[in-house]
Amino acid sequence: MTPTHFTISSAFLLGMMGLAFHRTHLLSALLCLEAMMLALFIALSLWSLQLDATGCSTAPMLMLAFSACEASAGLALLVATARTHGTGHMQALNLLQC
Amino acid sequence: MHPTTLMYTSSLLLMFAVLLYPLLVTFTSLPLNNDWASSHAKTAVKSAFLISLAPLSLFLSTGMEAVTSSWTWMVTTTLDITLSFKFDHYSIIFIPIALYVTWSILEFATWYMHSDPLMNRFFKYLLTFLVAMLILVSANNLFQLFIGWEGVGIMSFLLIGWWHGRADANTAALQAVLYNRVGDIGLILGMAWLATNVNSWDIQQMFILSKNLDMTLPLLGLILAATGKSAQFGLHPWLPAAMEGPTPVSALLHSSTMVVAGIFLLIRMSPLMENNQTALTLCLCLGALTTMFTATCALTQNDIKKIVAFSTSSQLGLMMVTIGLNQPQLAFLHICTHAFFKAMLFLCSGSVIHSLNDEQDIRKMGGLHHLAPFTSSCLTVGSLALTGTPFLAGFFSKDAIIEALNTSHVNAWALTLTLIATSFTAIYSLRVIFFVTMGTPRFLPLSPINENNPAVINPLKRLAWGSIFGGLLVMLNINLFKTPVLTMPAELKLAALAVSILGLLTALELATLTSKQFKVTPLRTPHHFSTSLGFVPAIIHRQIPQLSLLLGQKIASQMVDQTWLEKTGPKAIANATTPLASATSNMQQGLIKTYLTLFLMTLVLVTLISTT
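Cut-off values and rules
- Residues numbered from 1 in each chain as written.
- Chains lettered and ligands numbered in written order.
- Predicted model: local features only at pLDDT ≥ 70, side-chain atom pairs only at ≥ 80, totals over all residues.
- Heavy atoms only, no water.
- UniProt positions renumbered as here; feature names shortened; annotations may be inferred.
- Helix = DSSP H or I, 4+ residues; strand = E, 2+ residues; numbered from the N terminus.
- Rg over C-alpha atoms; globule rule 2.2 N^0.38 Å.
- Buried < 20%, exposed > 50% of the residue type's maximum accessible area, 1.4 Å probe, protein only.
- Contact = heavy atoms within 4.5 Å.
- Axes fitted to C-alpha atoms, helices over the stretch in contact; angles between N-to-C directions.
- Parallel < 35°, antiparallel > 145°, perpendicular 65-115°, else oblique.
- Left-handed = near helix turned anticlockwise from the far one by under 90°.
- Nonpolar A, V, L, I, M, F, W, Y, C, P; charged D, E, K, R; others polar.
- Expected span 1.5 Å × (residues − 1).
- Disulfide = S-S within 2.5 Å.
- Lys, Arg positive; Asp, Glu negative; His and termini not counted.
- Salt bridge = Lys/Arg side-chain N within 4 Å of Asp/Glu carboxyl O.
- Pairing = 2+ DSSP bridges.
- Domains from an automatic or database assignment.
- Polar contact = N/O pair within 3.5 Å; in protein donor to acceptor, adjacent residues only side chain to side chain.
- 1 Å grid on protein atoms, 1.4 Å probe; cavity = no way out; pocket = protein on both sides within 12 Å on 5 of 7 lines; lining within 4 Å.
- Points joined across faces, edges and corners; volume = space filled by probe spheres on them.

- The name that an unreviewed UniProt entry assigns to chain B is NADH-ubiquinone oxidoreductase chain 5, with the source organism given as Gadus morhua.
- Quoted verbatim from the Sequence similarities (unreviewed entry) field of the UniProt record, the comment on chain B reads "Belongs to the complex I subunit 5 family."
- The record held by UniProt for chain B lists under Subcellular location (unreviewed entry) the comment "Mitochondrion inner membrane".

- Going by the annotation in an unreviewed UniProt entry, the name recorded for chain A is NADH-ubiquinone oxidoreductase chain 4L, with Gadus morhua given as the source organism.
- Word for word, the UniProt comment on chain A under Function (unreviewed entry) is "Core subunit of the mitochondrial membrane respiratory chain NADH dehydrogenase (Complex I) which catalyzes electron transfer from NADH through the respiratory chain, using ubiquinone as an electron acceptor. Part of the enzyme membrane arm which is embedded in the lipid bilayer and involved in proton translocation."
- What the UniProt record of chain A gives under Sequence similarities (unreviewed entry) is the line "Belongs to the complex I subunit 4L family."

Spelled out as structure tokens, the structure:
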């Protein structure tokens, strides 16, 4: 595995572990989601540089656009959770359930 | 230029100059003196009438007709439009008659509209209308005729809605414009067809080049135009509604001049119609239906102006019948004689209305024979002329028409309807005379009955002379283009007179029933049909707008808003996914950390197993 490949893969994996093992606040999960997105962005940007393929130069921009949508959806969910459950903490979500 | 043509052209030019001068004075910012209406407007029309007698006398002595083409307006590759005037038998005879009638009406209007603060504007509108009418009558090409046509239409709108504070007057003016517009569609259709197929709008060129063409489509267009402008059945409701305007407007526009514009168009274009049996039959049947229907409606009206309006409509139907008989000259004769007695009937009505303090219901008049003898005598003379009393004005044209109808090989149904309508004419004329002039007074005691003003007497006198001698004078001085059938059985010859006398006797009998109770329960259905004008306005004026509004509601509200936006569009997505989302969230336990950890573990496991 080339060093570039290793770096990007590990960055992505670390972000995913942060998303899975977040402790208290939903916002930290969303931040890790953004980190995953960032790793993917750098990967796509390097793709066309390493392989000399100019055809996929627009892919990073598209990814950025979609990730913006996804981030806004995530933030809306955060706000909705804060409105309905009072806090942004994860353990509030199943507090009053049987 | 030949001296006669020079005389014709310069007289018309002088007439236009004399009539336009008062109008141009109003466009400068000089304040008008108080009697501008009588000193400038009426005098202008009187001078124009006297000027128009010169071409008339020249025509009567030499019989020479002329066409003048002057200034070239526009030249396209296929169509030339020049300013051209036609001085033929029809325009030379009609213009003096129109100016004579207008002179009398303007003099009457100086008395009738005396208390109106905007009287000068009223006279300005009437003068503009007159100029437009003269343009229409003297036009030699359809473009110029269209200018006059639209001009009279718009002045009719402005004058019907003169008392625009009254909602009924605005509605009536709008009706006039809309029905005339439908007729204009026909005129534009005819003009477009002629421009593309015959390549000209000049009357002479059209007649020559259309000999071998099938002219049904443009003729249908022209007949539609005449239906709109001359209030034939189908486009007729605007004419009785137009009585919302002041009486001088009704006398000038809606009896003598404007409503005959449609018939005049057909008379001008009659060489195109001679050989087209479809168009002739359509004119015949439409005219017969109109004259019968409107005469029926006139029988039970109670407003004196509405009765005279329906009488006008009935006579217009008779003119249409004459055109359908291929006798345009007889139709023209009827236009000329009809102008005299119809204008006089309207002026008598105006005099009576003002005398009884703006009372228009004939059930509230009566006994005016003793109180306003001159007006009631003129009313009687006018009604007698209308019914075709021998040797008065109406007789020469109306009897000639009915004789031509009886001796021709056309539709017997049209003939029957026309004869019945002629008898109805006698009936409603006698009804008017009975209720207005005979019997005992039914109006309030302190009515300002006064007919001593010369501004009232002189116009009525002039129009009375015209109603008595007009037919004779016109008949003596013209040459008939088509030889009339001179021998017929005695019954046919006397048919018109017989049905009129029959109608008169019936009406006299019915009049005596007004003070008795003949039946315990009267026959209501025919009366309702007649009084509600055949239910045509009630149905058409409500049904069509209701359908349009319903269609609008269906498209805007139901189709766009409810269907496209709500059921199948954006809101559908929301409505479909909300149940799914709530079901999903009900199923969720909310253990997000557990779920995500398991996800990550699974991912790592799969990666490790797949790589080893």
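## What to know about the overall build of chain A
Move 1: Secondary structure summary: chain A contains three helices and zero strands in total.
Move 2: If you list the helices and strands of chain A from N to C, you get α-α-α.
Move 3: Taken over the C-alpha trace, chain A has a radius of gyration of 17 Å; the compact-globule value for 98 residues is 13 Å, which it surpasses by more than 25%.
Move 4: Along the longest, intermediate and shortest principal axes, the C-alpha atoms of chain A span 55 × 25 × 20 Å.
Move 5: Within chain A, the proportion of its 98 residues that are buried is 24%.
Move 6: Within chain A, residue pairs in contact and separated by at least 24 positions form 59% of the contacts whose partners lie at least 6 positions apart.

## Some points on the overall build of chain B
Move 1: For chain B, the helix and strand inventory stands at 26 helices and two strands.
Move 2: Computed over its C-alpha atoms, the radius of gyration of chain B comes to 32 Å, more than 25% above the 25 Å expected for a compact globule of 612 residues.
Move 3: If you line up chain B on its principal axes, its C-alpha atoms span 125 × 75 × 65 Å.
Move 4: For chain B, the residues scored as buried account for 54% of the 612 residues in total.

## With respect to the packing of helix H1 (residues 3–27) of chain B against helix H3 (residues 89–112) of chain B
Relative placement of two packed helices is described by the angle separating their axes and the distance separating the axes.
Residue and element names in this part refer to chain B.
Move 1: It is the contact of H1 with H3, at a shortest axis distance of 13 Å, that shows an interaxial angle of 25°. Here H1 lies roughly parallel to H3, going by the angle between them. Of the two possible hands of crossing, H1 and H3 adopt the one that is left-handed. Facing H1, whose interface residues are Tyr-8, Leu-12, Met-15 and Leu-19, H3 presents Ile-92, Ile-95 and Leu-99.
Move 2: The residue inventory of the contact of H1 with H3, partitioned by class, reads seven nonpolar, no polar and no charged.

## Comments concerning helix H8 (residues 216–229) of chain B
Residues and elements named next belong to chain B.
Move 1: Between its first and last C-alpha, H8 extends 20 Å over 14 residues, near the 20 Å set by a 1.5 Å rise per residue.
Move 2: Counting buried residues along H8, ten of its 14 residues qualify, which places the element largely inside the surrounding structure.
Move 3: Listing the buried residues of H8 in full gives Pro-218, Leu-219, Gly-221, Leu-222, Ile-223, Ala-225, Ala-226, Thr-227, Gly-228 and Lys-229.

## A short note on the state of the cysteines
Residues and elements named next belong to chain B.
Move 1: This model, assessed by the stated rule, comprises zero disulfides over all chains.
Move 2: There is no disulfide at Cys-336, and the cysteine sulfur nearest it, in Cys-283, is 19 Å away.
Move 3: Judged by its relative accessible area of 1%, Cys-336 is buried.
Move 4: The thiol of Cys-378 is unpaired, and the distance to the nearest cysteine sulfur, on Cys-348, comes to 4.9 Å.

## Considering the side chain of Lys-86 of chain B
All names here are of chain B.
Move 1: With respect to the helices, strands and loops of the structure, Lys-86 is situated in strand E2 (residues 80–87).
Move 2: The buried charged residue Lys-86 lacks any salt bridge partner; its closest oppositely charged side chain belongs to Asp-88, at an N-O distance of 4.3 Å.
Move 3: Setting aside anything within four residues of it in sequence, one finds Lys-86 in contact with Ala-66, Val-67, Ser-91, Ser-138, Ala-139, Asn-140, Ile-203, Gln-204 and Arg-268.

## Some thoughts on the pairing of strand E1 (residues 66–75) of chain B
All names here are of chain B.
Move 1: Direction of pairing for E1 relative to E2: antiparallel, over a ladder of seven bridges. Counted as the bridge partner of Ser-69 is Ser-84 from E2.
Move 2: From the end of E1 to the start of E2, which pair antiparallel, there are four residues.

## Here we look at the domain arrangement of chain B
Residues and elements named next belong to chain B.
Move 1: Under the domain assignment, chain B is made up of domain 1 (3–26 + 38–363 + 373–514) and domain 2 (524–568).
Move 2: Using C-alpha coordinates to define each centre, domain 1 is positioned 35 Å away from domain 2.
Move 3: In this assembly, eleven residues from domain 1 lie in contact with ten residues from domain 2.
Move 4: In this structure, the connection of domain 1 to domain 2 is made through zero salt bridges.
Move 5: In this assembly, domain 1 and domain 2 are joined by six residue pairs in polar contact (both at pLDDT 80 or more).
Move 6: Put simply, the parts of the chain that give the side of domain 1 that touches domain 2 at least two residues each are helix H6 (167–197) and helix H13 (277–298).
Move 7: Looking at the side of domain 1 that touches domain 2 element by element, the count peaks at three residues for H13.
Move 8: Broken down by class, the residue content of the side of domain 1 that touches domain 2 amounts to six nonpolar, five polar and no charged.

## Observations concerning the environment of Leu-118 of chain B
Move 1: In this fold, Leu-118 of chain B is placed in the loop between H3 and helix H4 (119–137).
Move 2: With 428 residues separating them in the primary sequence, Leu-118 of chain B and Gln-546 of chain B have C-alpha atoms 37 Å apart.

## Looking at the interface of chain B and chain A
Move 1: Counting residues at the interface gives twelve residues for chain B and twelve residues for chain A.
Move 2: One can count zero salt bridges joining chain B with chain A.
Move 3: Here chain B is connected to chain A by zero residue pairs in polar contact (both at pLDDT 80 or more).
Move 4: Class assignment for the residues of the side of chain B that touches chain A results in seven nonpolar, four polar and one charged.

## Quick word on the environment of Leu-44 of chain A
All names here are of chain A.
Move 1: In this structure, Leu-44 sits in helix H2 (residues 26–50).
Move 2: Taking the C-alpha atoms as reference points, Leu-44 and Ala-59, separated by 15 residues in sequence, lie 6.7 Å from one another.
Move 3: When near neighbours in sequence (up to four residues on either side) are disregarded, Leu-44 contacts Ala-59, Pro-60 and Met-63.

## A word on the layout of surface pockets
All names here are of chain B.
Move 1: Put simply, the largest pocket is a space of about 1000 Å³.
Move 2: What lines the largest pocket is a set of 24 residues, among which Thr-300, Arg-431, Leu-510, Leu-513 and His-527 lie closest to the centre.
Move 3: Mapped by element, the contributors of at least two residues to the lining of the largest pocket are helix H19 (412–437), helix H22 (495–512) and helix H23 (524–531).
Move 4: At five residues, the largest contribution of residues to the lining of the largest pocket is made by H19.
Move 5: Residues of the lining of the largest pocket, tallied by class, amount to 13 nonpolar, six polar and five charged.
Move 6: Domain assignment of the residues forming the lining of the largest pocket places at least three in each of domain 1 (3–26 + 38–363 + 373–514) and domain 2 (524–568).

## Quick notes on the UniProt feature "transmembrane region" (unreviewed entry) in chain A
Move 1: As recorded in UniProt, the sites labelled "transmembrane region" (unreviewed entry) are residues 6–22, 29–49 and 61–80 of chain A.
Move 2: Secondary structure within residues 61–80 of chain A divides into 100% helix and 0% strand; the distance between the first and last C-alpha atoms comes to 29 Å.

## Quick notes on the pattern of salt bridges
Residues and elements named next belong to chain B.
Move 1: On inspection of all chains with the given rule, the structure shows nine salt bridges over all chains.
Move 2: For Arg-166, the salt bridge is made with Asp-168, and the minimal N-O distance between the two is 3.5 Å.
Move 3: In this structure Arg-166 comes out as partly exposed when scored by relative accessible area, which is 43%.
Move 4: Of the charged contacts in the structure, one is a salt bridge between Arg-181 and Asp-184, with a shortest N-O distance of 2.3 Å. Within this pair, Arg-181 and its partner Asp-184 are both found in helix H6, separated by three residues, close to a single helical turn.
Move 5: The exposure class assigned to Arg-181 is partly exposed, which follows from its relative accessible area of 42%.
Move 6: Put simply, Glu-150, Arg-181 and Asp-184 are held in one network by salt bridges that share partners.

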